[in-house]
There are 2 protein chains.
Amino acid sequence: MPTSGLMQPFGVDVDLIEGIMTAPDRIAATKASDMRGYYQDAAALERLIESGDPLLYEVFEKRLPLEPGHVMFCISKLQPGRVGQECFMTKGHYHETAGAAELYLCLRGRGYLLMKTAEGQSALEPMYRGRLVYVPPYWAHRSINSGQEPLISLCAYPADAGHNYGEIETEGFPQRVLLRGGGEVIVSQAAG
Amino acid sequence: MPTSGLMQPFGVDVDLIEGIMTAPDRIAATKASDMRGYYQDAAALERLIESGDPLLYEVFEKRLPLEPGHVMFCISKLQPGRVGQECFMTKGHYHETAGAAELYLCLRGRGYLLMKTAEGQSALEPMYRGRLVYVPPYWAHRSINSGQEPLISLCAYPADAGHNYGEIETEGFPQRVLLRGGGEVIVSQAAG
């Protein structure tokens, strides 16, 4: 037991229909201009940036010690839309502590959790309200919104997990999720 | 990274209105006769046991490795009712790895999360649909149902946390939550 004072319990309200956390301590926002290099259609991304550089996704957190034993939780909110034909998505990350798992409980929207390992495995799990996806240790993970409303998940992971974005920016994931004009979802093998 | 094969991602469906997990791997059930020694009114508990020994609470889990880095999740379902005037409650536990935190997201019902530390601190957090309570490292915790329907929470904690019930059976918690006939909730300092 630590000799200093213990952390006090606390509560936070989560709207389980809208997927909103009341009074987060921290909001991390990612705009279109933060996503250069991630989408297949770079010209379409530049047009999106020029048209007002919209907010693509946000993470809402409470402040917790980033220490072993704590369980970090956050709301991930990914807007609907496309860059060219490719669905809006998060950058995706491994954990710095690669052996740290993560839970994603989808509260709203439709989409996918795309995962891969450094050994070349990949997995694509559908996300919809009430779907809880377990991201095991050593799996990088990216959210993809293939629906028409925000894709919102409540996430939980070891607070000392950290984030490792480095290799994904250059290597990407082995699949891309495209949305054709008629609403048809296509999972393509990534060509680059 | 482990040299053996990595665990594969998986998903599970959670009914976010009813608080039901589809196809759990394991259900741990606690009946009235498992709760001897916990309630203030031992005679009332014996009458409840004699009247059919009802199921008081259940925990629904998926099977995960109980290893560092994994995040265990479960549904906790506590029935409504009283033993004498005292609301139905779980035994409560510390974690064996005492420095492991836990998240409780209430999906249904009304009640409390009662917490204490070995140093004599205590805390009582209200639980209701959408309330997420953070149980920090080193805090024992017990669910209490003061409502009229099941109190259901989705919980997440480090998979290597373990459970330590030992001292709570003899020492209890510093408060008891009573429900008077008219529906009035009373938090009493535990006399024993």
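Just above, that's the structure.
So, here is what we can say about the structure in this document. (Residues numbered from 1 in each chain as written. Chains lettered and ligands numbered in written order. Predicted model: local features only at pLDDT ≥ 70, side-chain atom pairs only at ≥ 80, totals over all residues.)

1. Some points on the overall build of chain A
Next, step 1: The helix and strand inventory of chain A stands at two helices and 15 strands.
Next, step 2: Rg of the C-alpha trace for chain A: 17 Å, near the compact-globule value of 16 Å for 192 residues, within the 12% margin.
Next, step 3: Along the first, second and third principal axes, the C-alpha atoms of chain A reach 60 × 35 × 30 Å.
Next, step 4: Residues classed as buried in chain A amount to 42% of the 192 residues present.
Next, step 5: A separation threshold of at least 6 residues defines the contact pool for chain A, and within that pool the share at least 24 residues apart is 72%. (Helix = DSSP H or I, 4+ residues; strand = E, 2+ residues; numbered from the N terminus. Rg over C-alpha atoms; globule rule 2.2 N^0.38 Å. Buried ≥ 20, exposed ≤ 12 C-beta atoms within 10 Å, placed from the backbone. Contact = placed C-beta atoms within 7 Å.)

2. Topic: the pairing of strand β15 (residues 185-189) of chain A
All names here are of chain A.
Next, step 1: When strand β14 (residues 175-179) meets β15, the two strands line up antiparallel, connected through five bridges. Bridge assignment links arginine 176 to a residue of β15, and that residue is serine 188.
Next, step 2: The loop that links β14 with its antiparallel partner β15 comprises five residues; one of these, glycine 183, has a positive phi angle of about 95 degrees. (Pairing = 2+ DSSP bridges.)

3. Remarks on the sheet that holds strand β12 (residues 140-145) of chain B
Residue and element names in this part refer to chain B.
Next, step 1: The three strands lie next to each other as β10-β9-β12, forming an open sheet whose pairing is antiparallel. For this open sheet the edge positions go to β10 (122-128) and β12, each flanked by a neighbour on one side alone. Each strand axis lies, on average, 20 degrees off the axis of its neighbour in the sheet, ignoring direction. (Axes fitted to C-alpha atoms, helices over the stretch in contact; angles between N-to-C directions.)

4. Focus on the nonpolar core
Next, step 1: Within the largest apolar cluster, 106 residues are counted, with the highest numbers of intra-cluster contacts made by A:Leu103, A:Ala156, B:Leu103 and B:Ala156.
Next, step 2: Look past the residues within four positions of A:Ala156 in its chain and what remains in contact with it is A:Val71, A:Met72, A:Phe73, A:Leu103, B:Val71, B:Leu103 and B:Ala156. (Core = buried A, V, L, I, M, F, W, Y, C linked by C-beta atoms within 7 Å.)

5. Let's talk about the environment of A:Asp53
Residues and elements named next belong to chain A.
Next, step 1: Mapping aspartate 53 onto the fold places it in the loop between α1 (42-50) and β4 (55-61).
Next, step 2: Owing to 12 C-beta atoms within 10 Å, aspartate 53 belongs among the exposed residues under this scheme.
Next, step 3: In this structure the C-alpha to C-alpha distance between aspartate 53 and methionine 7, which are 46 residues apart in sequence, comes to 40 Å.

6. Topic: the relation of the copies chain B and chain A
Next, step 1: Relative to chain A, chain B is turned by 180 degrees and slid 0.0 Å along the rotation axis, the superposed coordinates differing by an RMSD of 0.0 Å. Here the copies are linked by what is in effect a two-fold axis.
Next, step 2: Taken as a fraction of all interface residues of chain B, those also at the interface in chain A reach 100%, which identifies the copy contact as same-surface. (Least-squares fit on C-alpha atoms with pLDDT ≥ 70 in both.)

7. Structural notes on unusual backbone geometry
Next, step 1: Positive phi is not limited to glycine here, since A:Ala23 has a value of about 50 degrees.
Next, step 2: Structurally, the position occupied by A:Ala23 is in the loop between β2 (20-21) and β3 (26-31).

8. Digging into the sheet that holds strand β5 (residues 71-78) of chain B
Pairing between the strands of a sheet comes from backbone hydrogen bonds, and it takes one of two forms, parallel or antiparallel.
Next, step 1: Across the sheet, eight strands lie side by side as β2(A)-β1(A)-β11(B)-β8(B)-β13(B)-β5(B)-β4(B)-β3(B); this open sheet has antiparallel pairing. Of all strands in the sheet, those bounded by a partner on one side alone are β2 of chain A together with β3 (26-31) of chain B.
Next, step 2: Of the strand pairs in this sheet, strand β4 (residues 55-61) of chain B and β5(B) are connected by five bridges, and their pairing is antiparallel. Bridging from a neighbouring strand, B:Glu61 pairs with B:Cys74 of β5(B).

9. Some points on the pairing of β10(B)
Residues and elements named next belong to chain B.
Next, step 1: Of the two faces of β10, only the one carrying Ala123, Glu125 and Met127 is buried; Ser122, Leu124, Pro126 and Tyr128 on the other face are not.
Next, step 2: The sheet contact formed by strand β9 (residues 110-116) and β10 spans seven bridges and is antiparallel. Considered in β10, the bridge of leucine 113 is made with glutamate 125.
Next, step 3: In sequence, β9 turns back onto β10 through a hairpin of five residues, with glycine 120 there showing a positive phi of about 100 degrees.

10. Focus on the interface of chain B and chain A
Next, step 1: Of the residues lining the interface, 42 residues belong to chain B; the matching set on chain A comes to 42 residues.
Next, step 2: The set of elements that each furnish at least two residues to the side of chain B that touches chain A consists of β1 (10-15), β5, β8 (102-108), β10, β11 (131-135) and β13 (151-158) of chain B.
Next, step 3: Among the elements that line the side of chain B that touches chain A, the one with the most residues is β1(B), at six residues.
Next, step 4: Residue composition of the side of chain B that touches chain A, grouped by class: 28 nonpolar, eight polar and six charged. (Nonpolar A, V, L, I, M, F, W, Y, C, P; charged D, E, K, R; others polar.)

11. A word on the environment of A:Gln121
Next, step 1: Take A:Gln121: it is sitting in the loop between β9 (110-117) and β10 (122-128).
Next, step 2: With 15 C-beta atoms counted inside 10 Å, the residue A:Gln121 sits in the partly exposed group.
Next, step 3: A:Gln121 sits 25 residues away from A:Glu96 along the chain, and the two C-alpha atoms are 19 Å apart.
Next, step 4: Beyond its immediate sequence surroundings of up to four residues, A:Gln121 is in contact with A:Lys116 and B:Leu6.

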